[in-house]
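Each chain, letter by letter, is given below.
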2 protein chains.
Amino acid sequence: MNTEFDLIARHFSRPAPSGFLGVGDDCALVPVAPGHHLATSTDLLVEGRHFFAGTDPAALGHKSLAVNLSDLAAMGAQPLACLLSLSLPDVDHDWLAAFAGGFYALAGEAGCPLVGGDTTRSPSGIVISVTVMGQVRPQLALRRAAARAGDDIWITGTLGAADIALRLLQNKLPADPSLLAAVRPALERPLPPWAFAQQLAGVAHAALDISDGLAQDLGHILAASGCGAELDYNALPVAPALRGLDSQLVQAAVLAGGDVYQLCFTAPVQARQRILALADAAALQATRAGRIVAEPGLRIWGAGGVPITLRNAGFDHFS
Amino acid sequence: MNTEFDLIARHFSRPAPSGFLGVGDDCALVPVAPGHHLATSTDLLVEGRHFFAGTDPAALGHKSLAVNLSDLAAMGAQPLACLLSLSLPDVDHDWLAAFAGGFYALAGEAGCPLVGGDTTRSPSGIVISVTVMGQVRPQLALRRAAARAGDDIWITGTLGAADIALRLLQNKLPADPSLLAAVRPALERPLPPWAFAQQLAGVAHAALDISDGLAQDLGHILAASGCGAELDYNALPVAPALRGLDSQLVQAAVLAGGDVYQLCFTAPVQARQRILALADAAALQATRAGRIVAEPGLRIWGAGGVPITLRNAGFDHFS
């Protein structure tokens, strides 16, 4: 018998952390610390749209939570708990066990236990819906609208690898197994900086996670904050695996490539040393690559001070 | 241009309630009152599985939130906010406007504002994922495991109409337009008793919402509480529209019919007058139909004290 109850019991029942009630009840009950607000976000991953049929289920379990943890990181929120809904065309216990393994491993690492969800049979492809809940002191939350003229622009991690991996897997680039091996983890196993991001609360001003491409996502900060930015392309942290590739390809991947799940944030000049020390402590790369200015618009400067114009600003799910 | 941003801006952007921050940011920030826990639940609705292709989109918008509010009611939690993710095969603005209308109308009625979500194009049918968040004092939350021998068993609203509507729409019963008109609102526009349920916190013991059929759902309370129940079939609140139908059909609809989204709860005998007064104040029907006993198992008594045996105990999404 493969009933809904069996599926949940077999693959998605692990002991609830102490302090949590109601797991397995109609609702999970999640404590939120005094003085904090609940921070919450949800993402939907659809087979054939966000991932290929046949994607490694452990990587998919990891990524479906990672993209949501990335939203918590973008607010400087501490992960508290998550919910997972799965719509599956059939019951494949090996697939489910591997998916659950990838999901739980990251949930454990992030201190973000799975406390509820829903499973159902779908007539067609796999659909994964994850909701995360975290907590943050509202006055310290990193908001898109909080950038100020004079702020530095920072990027965590590196840029471009996930986009090159996607192009290789879509056969939009000539097959290159060693390049694929180097860039694939960035696409399939993103690790958003949720712990570092909590340290930024009260230090940085604005932040968001890079999911649709740096230029487009930074544009959201600029629009919400009513300001502009000067970005120094040559200062951007290009993924090392991209060295030697065509420079136009690299530029597109770095500026417009999505699926990064690292942070772009702004912070006052006085916070530079503090941010570098926090990044060091988190064993994380944090790179300063521009500044916020009063004049609206995003200007990107390339080698020799030549402006860079983007044709395709990023990824849109309905374009 | 039908971009993701356009869709959200056009159909799902309404002013955030005061006290909420971050709507439109990476996470919504939701205040939770001191002394309360966050109560959260999520449900996935899949076209062809949970609703028919061509279902009235306004009713679908209503129901996709209602089934989640029902989970909050089952815990005695106060609605705070919700998230909505939609996976759509194409962009139909009339459909989206009607869906959003049904969703927002119920969200407004329940004080449960939509604060975030995700939209994406799916290769196949419509998938709707809703997450609700509420708050409840953890020591007062209605829990499945809290039934005690001697408790009364109570049902809110009436039973059976949604199941008959489903059978009619599936052509499992002979066409009967006037019957369908009478029972269809129960299936398509369920109204869970979220306000009354908050009043039960601290008064009732165990509760859950009837989604898979009374017998099966009450069974979850009994299993979690380690006790049994005697249910008086003739005391159950049968939907008036079912009068005159075949008695075996009515019995199956009342005991095993799903999609009810009313509460089954247990409460001490001393609370009877209080519960009836609360139900009166809420203009809600609350019916006492049995009691919790120490001996395990669910025994249902029909006319003349004849025991009723169920062949099919309820609905399972993977059976």
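Residue positions are counted from 1 within each chain, in the order its sequence is given. Just so you know, chain letters begin at A and ligand numbers begin at 1, following the order they were written in. With the structure being a predicted model, the display of local features is reserved for residues of pLDDT at least 70 and the display and counting of side-chain atom pairs for 80 or more, all residues being used for whole-chain, interface and lining totals. With hydrogens and water set aside, each side-chain value is computed from the structure's full complement of heavy atoms.

A. How the structure looks around the confidence of the model for chain A. Here chain A averages 91 in pLDDT, and 91% of its residues register 70 or above. pLDDT measures how confident the predictor is about each residue, on a scale from 0 to 100. Should any heavy atoms of two residues lie within 4.5 Å, those residues are counted as being in contact. Of the regions scoring below 50 in pLDDT, residues 314-319 of chain A engages in 25 contacts with residues more than four places distant in sequence or in other chains.

B. Fine view of the packing of aromatic side chains. All names here are of chain A. Note on aromatic contacts: the rings of Phe and Tyr and the six-membered ring of Trp form a pair at centre separations within 6.5 Å, being stacked when their planes are under 30 degrees apart, edge-to-face when over 60 apart, and tilted otherwise. Under the definition given, this model contains eight aromatic pairs over all chains. With centroids separated by 5.2 Å and ring planes inclined at 10°, the aromatic side chains of Trp-95 and Phe-99 adopt a geometry described as stacked. Separated by four residues within a single helix, Trp-95 and Phe-99 lie in helix α3 (residues 93-110), roughly one turn from each other. Counting from the N terminus, the helices are DSSP H or I runs at least four residues long and the strands are E runs at least two residues long.

C. Broad picture of the relation of the copies chain A and chain B. Alignment of copies: least-squares fit on C-alpha atoms of residues with pLDDT of at least 70 in both copies. It takes a turn of 180° to lay chain A on chain B, together with a shift of 0.0 Å along the axis; the resulting RMSD is 0.0 Å. Overall, the copies show the geometry of a two-fold rotation axis. Most of the interface of chain A is mirrored in chain B, where 100% of its interface residues are also at the interface.

D. Structural view of the UniProt feature "binding site: Mg(2+) 4" (unreviewed entry) in chain A. Those places that UniProt annotates as "binding site: Mg(2+) 4" (unreviewed entry) correspond, in this numbering, to A:Asp26, A:Ser41 and A:Asp71. Across 46 residues, the annotated set is spatially dispersed, with a maximum C-alpha separation of 25.8 Å. Working definition: with a 1.4 Å probe on protein chains only, accessible area under 20% of the residue-type maximum means buried, over 50% means exposed, and in between means partly exposed. Look at A:Asp26 and you get buried, because its relative accessible area is 6%. With residues near it in sequence (within four places) discarded, A:Asp26 still touches B:Ser41, B:Asp71, B:Ala74, B:Met75, B:Arg144, B:Ala207, B:Leu208 and B:Asp209. UniProt positions are given in the numbering used here, feature names are shortened, and annotations may be inferred rather than shown by experiment.

E. Fine view of the UniProt feature "binding site: Mg(2+) 5" (unreviewed entry) in chain A. Per the UniProt record, "binding site: Mg(2+) 5" (unreviewed entry) is found at A:Asp212. Mapping A:Asp212 onto the fold places it in the loop between β7 (207-209) and α7 (214-225).

F. View of the interface of chain A and chain B. On the chain B side, the residues contacting the 66 residues of chain A number 66 residues. Values labelled buried area give the accessible surface lost by two parts on being combined, using a 1.4 Å probe and summing over both. Surface buried jointly by chain A and chain B totals about 5,400 Å² across both partners, of which 60% is contributed by carbon and sulfur atoms. What counts as a salt bridge is simple: a side-chain nitrogen of Lys or Arg found within 4 Å of a carboxyl oxygen of Asp or Glu. In this structure, the connection of chain A to chain B is made through six salt bridges. A salt bridge links B:Asp25 to A:Arg143; its shortest N-O distance comes to 3.4 Å. At nine residues, strand β2 (residues 37-46) of chain A tops the list of elements feeding residues into the side of chain A that touches chain B. Amino acids outside the nonpolar list (Ala, Val, Leu, Ile, Met, Phe, Trp, Tyr, Cys, Pro) and the charged list (Asp, Glu, Lys, Arg) are all regarded as polar, and Gly is one of them. Among the residues forming the side of chain A that touches chain B, the class breakdown is 29 nonpolar, 23 polar and 14 charged. For two strands to be treated as a pair, DSSP must find at least two bridges joining them. With four bridges connecting them, β2(A) and strand β1 (residues 28-31) of chain B associate as antiparallel partners. The residue of β1(B) that forms the bridge with A:Ala39 is B:Leu29.

G. Focus on the sheet that holds strand β9 (residues 263-267) of chain A. All names here are of chain A. One open sheet holds the seven strands; their spatial order is β7-β9-β6-β10-β8-β11-β12, and the pairing between them is mixed. Two strands lie at the open edges of the sheet, namely β7 and β12 (307-308), each paired on one side alone. Bridge count for strand β6 (residues 152-156) against β9 is four bridges, and the pairing is antiparallel. When the sheet's bridge partners are listed, Ile-153 is paired in β9 with Thr-266.

H. How the structure looks around the domain arrangement of chain A. Residues and elements named next belong to chain A. Annotation comment: domain bounds sourced from an automatic or database domain assignment. Partitioning chain A into structural domains gives domain 1 (4-140) and domain 2 (144-307). For domain 1 and domain 2, the distance between their C-alpha centroids amounts to 26 Å. At the interface, 21 residues of domain 1 touch 21 residues of domain 2. Between domain 1 and domain 2 we count one salt bridge in total. Note that Lys-63 and Asp-259 form a salt bridge whose closest N and O atoms lie 3.3 Å from each other. Within 3.5 Å is the distance limit for a polar contact, defined as a pair of N or O atoms, with the added protein rule that one can donate a hydrogen and the other accept it, and that residues adjacent in sequence qualify only through two side-chain atoms. The interface formed by domain 1 and domain 2 contains four residue pairs in polar contact (both at pLDDT 80 or more). Of all the secondary-structure elements, those providing two or more residues to the side of domain 1 that touches domain 2 are α2 (57-75), β3 (78-88) and α3. Considering every element that reaches the side of domain 1 that touches domain 2, the biggest residue donor is α2, with 11 residues. Among the residues making up the side of domain 1 that touches domain 2, the classes are represented as 13 nonpolar, four polar and four charged.

I. Summary view of α2(A). Residues and elements named next belong to chain A. Here the expected span of a helix is defined as 1.5 Å times the quantity of residues minus one. Taking 1.5 Å per residue as the helical rise, α2 with its 19 residues ought to reach 27 Å, and the 28 Å between its terminal C-alpha atoms agrees with that figure. Most of α2 sits out of view: 19 of its 19 residues are buried. Phi for Gly-76, located one or two positions after α2, is positive at around 70°.

J. Fine view of the sheet that holds strand β1 (residues 28-31) of chain A. The sheet built from five strands is open, its strands ordered β1(A)-β2(B)-β5(B)-β3(B)-β4(B) with mixed pairing. If you trace the sheet from one side to the other, it starts and ends with β1 of chain A together with β4 (114-121) of chain B, each paired once. Across the sheet, the axes of successive neighbouring strands diverge by a mean angle of 20°, strand direction being ignored. Pairing geometry for strand β2 (residues 37-46) of chain B and strand β5 (residues 127-136) of chain B, over 10 bridges, is antiparallel. Directly across from B:Thr40, in β5(B), lies its bridge partner B:Met133. To get an axis, a line is fitted to the C-alpha atoms, and for a helix only the part in contact is used. The angle between two axes follows their N-to-C directions and goes from 0 to 180 degrees. Sitting on the sheet, helix α2 (residues 57-75) of chain B touches β1 of chain A together with β2, β3 (78-88) and β5 of chain B, and the angle it makes with β5(B) is about 35°.

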